[in-house]
Amino acid sequence: MAKSKTAAEDGVVTIKKYANRRLYDTERSCYITLEDLGTMVRDGREFRVVDAKSGDDITHNVLTQIIMDEETRGETLLPVNFLRHLIGMYGDKMQSMVPQYLEASMTAFRKNQQDVRAAFDGVLGSNPLAELTRRNMEMFQQAAGALIPGVGGAKAKDAEIAALKAEVAALKAELAKK
């Protein structure tokens, strides 16, 4: 069966969601599950989910559902305070800036992840975790200052520093075990 022109041109698989909540992969011509979509995300496979009846793009809703399913299945990734702050941003004057900030933060996090992996392969200097901590602190300070100057003051920065130090300590402990 031939792929649709759009999927062939941009490499994005179209997934159709039917009223009965079933998902149909148009590239492989089979029904799939939300878990399959999660695997596609982890594998870096691009897809778009459309409502089979209306043709509306519902990718955002489906990705949110995958996160909800993952969060209820086991160890949570999103802390309660983060979720509270995120919900609090809806309707706020700064709401329009949140998606770009989160995107930039995730991009920086992914880059740091790659740097840590590269460090283990001997690419970086003798103390890669210290450099990553320094860069993370700079990024968070710049982002926080750009979005909400003066909000939170020293206590918020101290709490953020303590949280980052705890993360670094946990990473070091995990690395020491390996």
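What you are looking at is a predicted structure, and each value in this text was computed from that prediction instead of being measured.

So, how was this worked out
Residues numbered from 1 in each chain as written. Predicted model: local features only at pLDDT ≥ 70, side-chain atom pairs only at ≥ 80, totals over all residues. Heavy atoms only, no water. Pairing = 2+ DSSP bridges. Helix = DSSP H or I, 4+ residues; strand = E, 2+ residues; numbered from the N terminus. Axes fitted to C-alpha atoms, helices over the stretch in contact; angles between N-to-C directions. Contact = heavy atoms within 4.5 Å. Core = buried A, V, L, I, M, F, W, Y, C linked by side-chain atoms within 4.5 Å. Buried < 20%, exposed > 50% of the residue type's maximum accessible area, 1.4 Å probe, protein only.

Visitor: What exactly am I supposed to notice about the sheet that holds strand β2 (residues 23-25) here?
Guide: Hydrogen bonding along the main chain pairs the strands of a sheet, whether they run parallel or antiparallel. Pairing is mixed in the open sheet, where four strands are placed in the order β3-β2-β1-β4. Of all strands in the sheet, those bounded by a partner on one side alone are β3 (30-32) and β4 (47-51). Strand-to-strand twist across the sheet, computed as the mean angle between neighbouring axes with direction ignored, equals 35°. Here helix α2 (residues 34-42) sits on the sheet in contact with β1 (13-17), β2, β3 and β4, set at roughly 150° to β4. Relative to the sheet, helix α3 (residues 59-73) contacts β1 and β4, its axis offset from that of β4 by approximately 110°.

Visitor: Looking at this structure, I do not really get the nonpolar core. What am I missing?
Guide: Among soluble globular proteins, nonpolar side chains are generally buried collectively. The biggest cluster of nonpolar side chains holds eleven residues, and these are V13, I15, L23, I32, L37, M40, F47, V49, I58, V62 and I66. Once you skip the residues sitting within four places of it in the chain, I58 turns out to touch K17, V49, V50 and D51.

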